[in-house]
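# Architecture and fold: a report
Listed here are the chains, written in short residue letters.
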Amino acid sequence: MVPAVRQIVHVDLDAFYASVEVLLDPSLRGKPVIVGGSPEGRGVVSSASYQARACGVRSAMPVAQALRLCPQAIRVSPSHGVYGKHSRAVMEVLEGYTPVVEQLSIDEAFLDLTGCEALWGPAPEVARQIQERVRDECGLPCSLGVATNKLVAKIACGQGKPQGLVIVPPGQEAAFLAPLAIETLWGVGEAMGRRLRELGVTTIGQLAERSEAELVRLFGEGGGRLHGAAQGLDDSPVHTERERRSISQEHTFGANVADRQTLQRRLLSMADHLAAGLRREGLVAQTVRLKLRYDDFETVTRQVTLDQPTDQADVLYGQALGLLDAHWNRQRLVRLIGLGASGLLREGGYQLELFDHSDQRNARLSHTLDEIRARFGRHAITRASLLRDQFTGPEPSDE
Amino acid sequence: MKVSCMQENLARGLSVVGRAVATRSTLPVLSNIMLSTEESRLKLSATNLEIGINCWVGAKVEREGATTIPARLLSDFVSSLPPERVEMELIARTQTLNVKCGRFEANIKGIDAQEFPLILIPEEDDPIRIQGDSLRQMVDRVAFAAATDESRPVLTGVLAELDPDEFTFAAADSYRLSVSSMPLAEGPETPVSVIVPARALQELRRIIGDEETVQVLVSPNRNQIFFRLESAELVSQLVEGTFPDYKQIIPKGHNTRIEASTADLLKAVRMAAIFARDAANICHLQVVPNGDDGLGRLIIAATSSEYGDNVSELDVRVTGQSVEVAFNARYLQEALNAIDTAEVALEMRDPSSPGVLRPVGGPEFVHIIMPMQVAR
């Protein structure tokens, strides 16, 4: 049974890397701190303390530019390997309240406190406690948002930063979102934002007034989701790791497809997204699954188990192509293609190779690409073969 | 065609050729087994175009002829029959095979034998001869290390180097290598080196009887290999390409060598594998020498972050220094299973160099496993 009202908390550590650096070197406290590579090199800002942000310093800005904006700032090189430990400590505090914790990234998590009132008290009270304990026990500042769903909780959290606690009572979701800029919504990127502004939609409230049919006409499938989001509606569950057994992506083609190249490129793009999702969560997949739906809605699903679990796009893609070639009936038009990875394991080791070390090279390359995308956005770097029509599939969904 | 034979012999013959039947082919006739008469024998043939097997069953031939019958149906039916004489008669007009045994009878629709690809095995005056049990042992030591995924086709095969007085098998996937050699009484005049699909060798291993001598032939254009047994033949396509230079990979030296009981080590690794199941199969090996007495301990451990951990200790002979290396437990298990001497040696250099397993005082056999790098 799904309870009518959920209690979701979003926790986000404030300027996480910079805060950890302050923790490691207390003399930095209260000062503008920039964590990033050297300005002589072409380093960019990984994280900046709020004192530095006050001068206009932002993440992903070249360090040289940041230092021009904020000459008094102290630059610290990222202490790789340390942040994970501090992140873990914070997550342990959160897991003390509920096992239903979904860690989004190194410094962000959702908690589902539904049904925990009897144990810990009302969710806003728990959120206040968490904020104190993370500050006292982990030495790190954080912001929290409390709402009835993930979407609103996350936006609420963002509104309170730094060291904020924003509570959106049940029923107030739409009203809370209404005055905010449309870009605050998940899924509204630069391009969609520009489109909406051209239509005179600048706030979420104005977006909420548009009909679903109109948004679907403008933005296709995504329009429907956008409509719901603007009303503050979101029923996506908080996923714990234990539940996560597979990740997958699907794409329905606008027009049914008969050529291998289109399918191939779509698979490559999906493999890229899935692999990035796996790496982000520190998981490796043992099984690759291909799904094909033909124009008559007949659906074929085939899978293959790997010798070595992987988080590499090239491996997922290679296996997907193998499945496609073995099972696609070329006489028929494809309406939908899907790629999934399952048999997920926490990455714990890396099998070294006998003959060449391309796997290790690829892993390093992927890691670098992840960092570039984390700093400059998903489209900052892409495969040349995917350039022409910029496949921008949805984020990997979980099952 | 009208022919009769004993149910046991027919069932055995069908199981010998059955594994060569194509499972997912666009050519329907390849899902069938061909039955044909040859002098006073019944010949059974199956092929998936990669490998083909012929097998002869003693029979009473009343009328010559040939047809092909769906493999699954025929095998399932014949194996359910009582151990009595089976009579088969082809009704040519409808390509239907009437099968009678005692009070059981079936009519099975077939496909014209004309459509079946011929499995031709050339005659050769002077073939290479290998003892059946030697060949079996060699397959057991080597074939399991071949790759199962097709991303590098040469690695799905076993490199077979046949010299005048010795033969060597080598197989590798991307993470391990197995190499073994044996003397050869009747080898080729000039060395032959081919890559045989590991699956073909495993099928061959299955059908080699005891005390049998296997004749080996390579087609002149080097694209097929033939194995002739007393009452069966197997032909396989060869894998094209160049096998990696495996001799380069076999480490020349080591820093630590242990000698342990093969059975004890296998038991400890099996135990670790249970715990390593959800932790990428990582099994930690730690060698702790006692001092200068050449003895020491081998500690084998596995940890599952979710379920718990396991540690085993073995007394071993040690030369060299202490070392800690992580391996995939499955690879260790499979390698140890292939070693039939009481003691096994494991040589290591450091956590990122290959580990080398050898039977102690046993045959010429070396197995290399790449370690796993473990996040700390």
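Residues numbered from 1 in each chain as written. Chains lettered and ligands numbered in written order. Predicted model: local features only at pLDDT ≥ 70, side-chain atom pairs only at ≥ 80, totals over all residues. Heavy atoms only, no water.

### Some remarks on the environment of glutamate 117 of chain A
Residue and element names in this part refer to chain A. The residue glutamate 117 is located in helix 5 (residues 117-120) in this model. Here the alpha-carbon distance between glutamate 117 and glutamine 7, two residues 110 residues apart in the chain, equals 9.4 Å. If we ignore the near neighbours within four places in the chain, the residues touching glutamate 117 are Gln7 and Pro122. (Helix = DSSP H or I, 4+ residues; strand = E, 2+ residues; numbered from the N terminus. Contact = heavy atoms within 4.5 Å.)

### Let's talk about the interface of chain B and chain A
Listed per partner, the contact involves 29 residues of chain B and 16 residues of chain A. Summing both sides of the interface, chain B and chain A together bury roughly 2000 Å²; the carbon and sulfur share of this comes to 55%. For the chain B face of the interface with chain A, the top three residues by lost area are Tyr175, Met370 and Gln373 of chain B, together amounting to 27%. Our count for the chain B to chain A interface comes out at zero salt bridges. For the pair chain B and chain A, the number of links is five residue pairs in polar contact (both at pLDDT 80 or more). Broken down by secondary-structure element, the contributors of at least two residues to the side of chain B that touches chain A are strand 13 (176-183), helix 7 (329-337) and strand 26 (372-374) of chain B. (Buried area = accessible area lost by both parts, 1.4 Å probe. Salt bridge = Lys/Arg side-chain N within 4 Å of Asp/Glu carboxyl O. Polar contact = N/O pair within 3.5 Å; in protein donor to acceptor, adjacent residues only side chain to side chain.)

### Looking at the packing of aromatic side chains
In the structure shown here, the tally under the stated rule is six aromatic pairs over all chains. With a centroid separation of 5.5 Å and 85° between ring planes, the pair formed by phenylalanine 167 of chain B and phenylalanine 169 of chain B is classed as edge-to-face. Here the two residues phenylalanine 167 of chain B and phenylalanine 169 of chain B agree in accessibility, since each one is buried. A network of ring pairs unites the aromatic residues Phe16, Tyr17 and Tyr83 of chain A as a single cluster. (Phe/Tyr/Trp six-rings, centres within 6.5 Å; stacked < 30°, edge-to-face > 60°. Buried < 20%, exposed > 50% of the residue type's maximum accessible area, 1.4 Å probe, protein only.)

### Brief notes about the environment of methionine 138 of chain B
Relative to the assigned elements, methionine 138 of chain B resides in helix 3 (residues 132-142). Sequence separation between methionine 138 of chain B and arginine 205 of chain B is 67 residues, and the spatial gap between their C-alpha atoms is 9.5 Å.

### A closer look at the packing of helix 3 of chain B against helix 4 (residues 198-207) of chain B
Residue and element names in this part refer to chain B. Relative orientation of the contacting elements helix 3 and helix 4 amounts to 140°, with a least axis distance of 10 Å. It follows from the interaxial angle that helix 3 and helix 4 lie oblique. Viewed along their axes, helix 3 and helix 4 form a crossing whose handedness is left-handed. Between helix 3 and helix 4, the contacting residues are Leu135, Arg136, Val139 and Asp140 on the first element and Leu201, Gln202, Leu204 and Arg205 on the second. (Axes fitted to C-alpha atoms, helices over the stretch in contact; angles between N-to-C directions. Parallel < 35°, antiparallel > 145°, perpendicular 65-115°, else oblique. Left-handed = near helix turned anticlockwise from the far one by under 90°.)

### Considering the nonpolar core
Residue and element names in this part refer to chain B. Counting 102 residues, the largest nonpolar core has Leu35, Leu42, Met88 and Phe169 as its most contacted members. Broken down by element, this core gets its largest block of residues, seven residues, from helix 6 (residues 262-276). Those residues in contact with leucine 35, other than ones at most four positions away along the chain, are Met1, Leu42, Lys43, Leu44, Gly65, Ala66, Thr67, Ile69, Leu74, Met88 and Leu97. (Core = buried A, V, L, I, M, F, W, Y, C linked by side-chain atoms within 4.5 Å.)

### What about the confidence of the model for chain A?
Residues and elements named next belong to chain A. Considering every residue of chain A, the mean pLDDT works out to 86; 93% of them sit at 70 or more. For chain A, per-element mean pLDDT is lowest for strand 15 (residues 397-398), which scores 40, and highest for strand 7 (residues 142-147), which scores 96. In this model residues 390-399 is a low-confidence stretch, pLDDT under 50, and it forms 30 contacts with partners more than four residues away in sequence or in other chains. (pLDDT = per-residue confidence, 0-100.)

### Notes on the environment of threonine 94 of chain B
Residues and elements named next belong to chain B. Relative to the assigned elements, threonine 94 resides in the loop between strand 7 (85-91) and strand 8 (96-101). The class for threonine 94 is partly exposed, based on a relative accessible area of 36%. Sequence separation of threonine 94 and aspartate 112 is 18 residues, and the distance between their C-alpha atoms is 9.5 Å. Side chain to side chain, threonine 94 and threonine 96 meet in a polar contact 3.0 Å long.

### A short note on the confidence of the model for chain B
When the pLDDT values of chain B are averaged, the result is 93; 99% of them are 70 or greater. Taken together, the chains of this predicted complex give a pTM of 0.63 and an interface ipTM of 0.80.

### Thoughts on the sheet that holds strand 2 (residues 32-38) of chain B
All names here are of chain B. Strand order across the open sheet formed by eight strands is 6-2-3-4-17-16-15-10, with antiparallel pairing between neighbours. Two strands in the sheet have a free side with no partner beyond their single neighbour: strand 6 (66-70) and strand 10 (128-131). Going across the sheet, the axis of each strand differs from the next one's by a mean of 20°, ignoring polarity. Inspection of the sheet shows strand 16 (residues 224-228) paired to strand 17 (residues 232-237) by five bridges, in the antiparallel sense. By the bridge assignment for strand 17, isoleucine 225 is matched with serine 236. Across the sheet, helix 1 (residues 7-18) is in contact with strand 2, strand 3 (41-47) and strand 4 (51-58); its angle to strand 4 comes to roughly 170°. Against the sheet, helix 4 makes contact with strand 4, strand 16 and strand 17, and its axis sits at roughly 175° relative to strand 17, the strand it touches most. (Pairing = 2+ DSSP bridges.)

### Overview of the pairing of strand 13 of chain B
Residues and elements named next belong to chain B. Most of strand 13 sits inside the fold, with seven of its eight residues counted as buried. Two strands pair when backbone bridges link them, and strand 12 (residues 166-172) and strand 13 are joined in this way by seven bridges, in the antiparallel orientation. Note on strand 13: the bridge partner recorded for phenylalanine 169 is serine 180. In this structure, strand 13 lies alongside strand 25 (residues 365-369), joined through five bridges in antiparallel fashion. Following the sheet pairing, arginine 176 is matched in strand 25 by isoleucine 369.

### Regarding a negative patch on the surface
Among the surface-exposed residues, Glu124, Asp125, Asp126 and Glu189 of chain B lie close enough to one another that they form a single negatively charged patch. With respect to the helices and strands, glutamate 189 of chain B occurs in the loop between strand 13 and strand 14 (192-197). (Patch = residues over 30% accessible without salt bridge, like charges linked within 9 Å, V, L, I, M, F, W, Y side chains within 5 Å. Areas by Shrake-Rupley, 256 points an atom, 1.4 Å probe, with all protein chains shown as cover. Lys, Arg positive; Asp, Glu negative; His and termini not counted. Charge placed at Lys NZ, Arg CZ, Asp CG, Glu CD.)

### Topic: the pattern of salt bridges
Between side chains of opposite charge, pairing is possible as soon as their charged atoms come close. Residue and element names in this part refer to chain A. Going through the model one piece at a time under the given rule, you end up with 38 salt bridges over all chains. Its salt-bridge partner being arginine 332, residue glutamate 298 comes within 2.8 Å of it at the nearest N-O pair. Highlighted residues: glutamate 298 in the loop between strand 10 (283-294) and strand 11 (299-310) and arginine 332 in the loop between helix 14 (313-327) and strand 12 (334-342), separated in sequence by 34 residues. The partly exposed category is assigned to glutamate 298, whose relative accessible area is 38%. Aspartate 325 is the salt-bridge partner of arginine 330, the closest N and O atoms lying 3.1 Å from each other. Of the residues examined, arginine 330 reaches a relative accessible area of 42% and is grouped as partly exposed. In this structure aspartate 325 comes out as partly exposed when scored by relative accessible area, which is 35%.

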